[in-house]
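Topology and contacts: notes
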Amino acid sequence: MIIDDVNVPIVLAPMAGGPSTPELTAAVAEAGGFGVLAAGYLTAAALAERIAATRSATSAPFGVNLFVPSTPTPPAVFTGYLDTLRTRFPVGEPKYDTDDWDAKLDLLIADPVAVVTFTFGCPSAAEVRRLHEVGSEVWVTVTSPAEATIAITAGADLLVAQGSEAGGHRATFVDRVADDAADPLGLLALLQLLTTSTDRPVVAAGGIATGAGIAATLAAGAAAAQLGTAFLQSPEAGTNQLVRDAIGGDTPTMLTRAFTGRRARGLRNRFLTDFTADAPVAYPEIHYATGPLRAAARTSGDADAVNLWAGQAHSLTRPLPAAELVAKLAAETKTALESALSRRIRSC
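The structure reproduced in this document is the subject of the present report. (Residues numbered from 1 in each chain as written. Predicted model: local features only at pLDDT ≥ 70, side-chain atom pairs only at ≥ 80, totals over all residues. Heavy atoms only, no water.)

Here strand β7 (residues 168-169) runs beside strand β11 (residues 264-267); their pairing, made up of 2 bridges, is antiparallel. Looking at the pairing, His169 lines up with Ala264 of β11. Strand direction decides the pairing type here: strand β10 (residues 253-256) and β11, joined by 4 bridges, are antiparallel. Bridge pairing in β11 places Thr253 opposite Leu267. (Pairing = 2+ DSSP bridges. Helix = DSSP H or I, 4+ residues; strand = E, 2+ residues; numbered from the N terminus.)

Written out as structure tokens, the structure reads:
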């Protein structure tokens, strides 16, 4: 397994929509971690360029993350919501697409990378076999034991366990309003459930920003920790300035479908408080429709009308170059593990 050969148990989360760059992916890989390049919202041609740019910056293995496409949403589900937004914001046309799924898979078969990871669902067993045949490992992001069972049945080599603390979109295979009443599993609970029910290695994701957090996941059985928000302030990341300015403070996060029609965690702002309650499940239709209002907000510097995706531990992020951050996190992890092992467990 690739994860066994990584020098530092840190996986870069694939942050689609801007933060993920070849430079960031390569920097984490060169520092001893495992870099994952986000393919979400890119065409296959654009992805090919980014893969080539990453390879030119590092000889280390890296991965590519794909979004598993959802099914189209009937317009009646989201028309009223978008009409409400139009009274206050510039709203574009909703549209459905598969995020160039077939073309990206074909690209990764023709030009393989070490690992292909999946979010928003599970590839079919046939698609997993195609990737295995060209030497790629398949990692599937899961949020529950039930999803893990589906991934294992399809042939996944590794599970990325995403706890509810994670920033950005929830990786749930199916997004349902009916499930909102149930508390989503936090990372520690999910890790325990998965590591006791499967022999697949598990990478822990969600709310990890320090070496102590990494150490905690390793102690709970994870093979490595996946960090995304922790790298948003790194200069190699393509993070929008509004996000750079907002994270690191004490603004709380919340789950919302307001910007994209799929549940995601971001910093609480006026848009989230005004529209989360009424936002329907309609991804990617709402994502495309709100593109113009988000672009206008970024241009005008209005942090109250843009998605500020971040995990619950965002206040602990540090504005460090990626390699320096990996080294610091590695040292902190070692110290935390040594400290935990040196403590005496008192008898009752």
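We are not done yet, so read on.
Our focus in this paragraph is the environment of Val28. By the secondary structure assignment, Val28 is in helix α1 (residues 22-30). Assessed through its relative accessible area of 0%, Val28 is described here as buried. Along the backbone, Val28 and Trp139 are 111 residues apart, and their C-alpha atoms lie at a distance of 18 Å. Look past the residues within four positions of Val28 in its chain and what remains in contact with it is Leu12, Gly33, Phe34, Gly35, Phe231, Ala322 and Val326. (Buried < 20%, exposed > 50% of the residue type's maximum accessible area, 1.4 Å probe, protein only. Contact = heavy atoms within 4.5 Å.)

Evaluated as defined, the whole model comprises 11 aromatic pairs. Look at Tyr41 and Phe67: their rings are 5.4 Å apart centre to centre, the planes differ by 80°, and that puts the pair in the edge-to-face class. Here Tyr41, found in the loop between β2 (35-38) and α2 (44-57), pairs with Phe67, found in strand β3 (residues 62-67); they are 26 residues apart in sequence, far enough to count as distant. On the basis of relative accessible area, Tyr41 is assigned to the partly exposed category, the value being 29%. Taking relative accessible area as the criterion, Phe67 reaches 9% and is therefore assigned buried. Put simply, the rings of Tyr81, Phe89, Phe259, Phe271, Phe275 and Trp309 pair up and form one aromatic cluster. When the ring centre of Tyr288 is taken as origin, the NZ or CZ atom of Lys95, which lies over that ring, is 4.5 Å away. The residue whose ring lies beneath Arg262 is Phe120, and the NZ or CZ to ring-centre distance is 4.0 Å. (Phe/Tyr/Trp six-rings, centres within 6.5 Å; stacked < 30°, edge-to-face > 60°. Lys NZ or Arg CZ within 6 Å of the ring centre and 35° of its normal.)

Formed by 86 residues in total, the largest nonpolar core has its most connected members in Val64 and Phe231. If sequence neighbours within four positions are ignored, Val64 has contacts with Val36, Leu37, Ala39, Leu47, Ile51, Leu108, Val113, Val115, Val116 and Thr117. (Core = buried A, V, L, I, M, F, W, Y, C linked by side-chain atoms within 4.5 Å.)

Turning our attention to the side chain of Asp175. Here Asp175 is to be found in the loop between β7 and α7 (187-195). Only 2.9 Å separates the side chain of Asp175 from the side chain of Arg257, close enough to count as a polar contact. A polar atom in the side chain of Asp175 sits 3.2 Å from the backbone nitrogen of Arg263. Leaving out residues up to four positions away in the same chain, Asp175 has contacts with Arg257, Gly261, Arg262, Arg263 and Val281. (Polar contact = N/O pair within 3.5 Å; in protein donor to acceptor, adjacent residues only side chain to side chain.)

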